[in-house]
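Structural overview for review
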Amino acid sequence: QVQLVESGGTLVQPGGSLRLSCVASGSILFSSYVMRWYRHASGKERELVAIITSGGSTTYVDSVKGRFTISRDNTKNTAYLQMNSLKPEDTSIYYCNARRGLGAGYSDYWGQGTQVTVSS
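A quick note: this is a predicted structure, and the numbers were derived from the prediction, not measured.

How each quantity is defined
Residues numbered from 1 in each chain as written. Predicted model: local features only at pLDDT ≥ 70, side-chain atom pairs only at ≥ 80, totals over all residues. Heavy atoms only, no water. Salt bridge = Lys/Arg side-chain N within 4 Å of Asp/Glu carboxyl O. Buried < 20%, exposed > 50% of the residue type's maximum accessible area, 1.4 Å probe, protein only. Phe/Tyr/Trp six-rings, centres within 6.5 Å; stacked < 30°, edge-to-face > 60°. Helix = DSSP H or I, 4+ residues; strand = E, 2+ residues; numbered from the N terminus. Lys NZ or Arg CZ within 6 Å of the ring centre and 35° of its normal.

Structural notes on the pattern of salt bridges
Within the structure shown, the criterion is met by five salt bridges. One salt bridge connects Arg 99 with Asp 108, and the closest N-O pair in it is separated by 3.2 Å. Residue classification places Asp 108 among the partly exposed positions, given a relative accessible area of 30%. A single salt-bridge network, built from bridges that share partners, covers Arg 39, Glu 47, Arg 67 and Asp 90.

This is the structure:
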C-alpha cells in the first residue's frame, strides 16, 4: 500500500516563505512517478499548481511562476514545494499527487493535504 504524507503547512505572513514536503512510503518506485502539487481553496475549484516529471522537468500555473519551485529527491522518496513571496490568495489546502502510467499500468495516489494560510 502506498501512502503520501504532506507536511510544512502553517500560518505565514504575506511576503513570507514556506517549504512543503510530500513523503511517499510503501511499495512505490518513486522515481518513476510524475509528482504534482494541487491546491484547493474554500469556495474555489481545485487548481494544479506545479508538476515535476520523472526526468525533472517542471511546469507551473501562471499565478505562482517565479515564486514557487517544485523539486524532488528520489533518494528520500520526497517531493517539495518551495513557496516564496506568499500572498493571501495562496491560502489553501495543498495536496501532493503521484501518478504514472496508462491503462492497466495506471497508478494514482494522493496525500491528505496540508493547510497553508497567508495572513497578517
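What about the packing of aromatic side chains?
Given two aromatic rings, one states the distance between the centres and the angle between the planes to describe the pair. Applying the stated criterion to the full structure yields two aromatic pairs. Their ring planes at 45° and their centres at 6.1 Å tell us that Tyr 33 and Tyr 109 sit as a pair that is tilted. Of the two residues, Tyr 33 is situated in the loop between β3 (18–25) and β4 (34–40) and Tyr 109 in strand β10 (residues 107–110); the sequence distance between them amounts to 76 residues. On the accessibility criterion, Tyr 109 (25% relative accessible area) is partly exposed. Look at Tyr 38 and Trp 110: their rings are 4.9 Å apart centre to centre, the planes differ by 45°, and that puts the pair in the tilted class. Within this pair, whereas Tyr 38 is found in strand β4, its partner Trp 110 is found in strand β10, the two being separated by 72 residues in sequence. For Tyr 38, a relative accessible area of 10% puts it in the buried group. For Trp 110, a relative accessible area of 32% puts it in the partly exposed group. Positioned over the ring face of Tyr 38 is Arg 46, at 4.9 Å from the centre of the ring.

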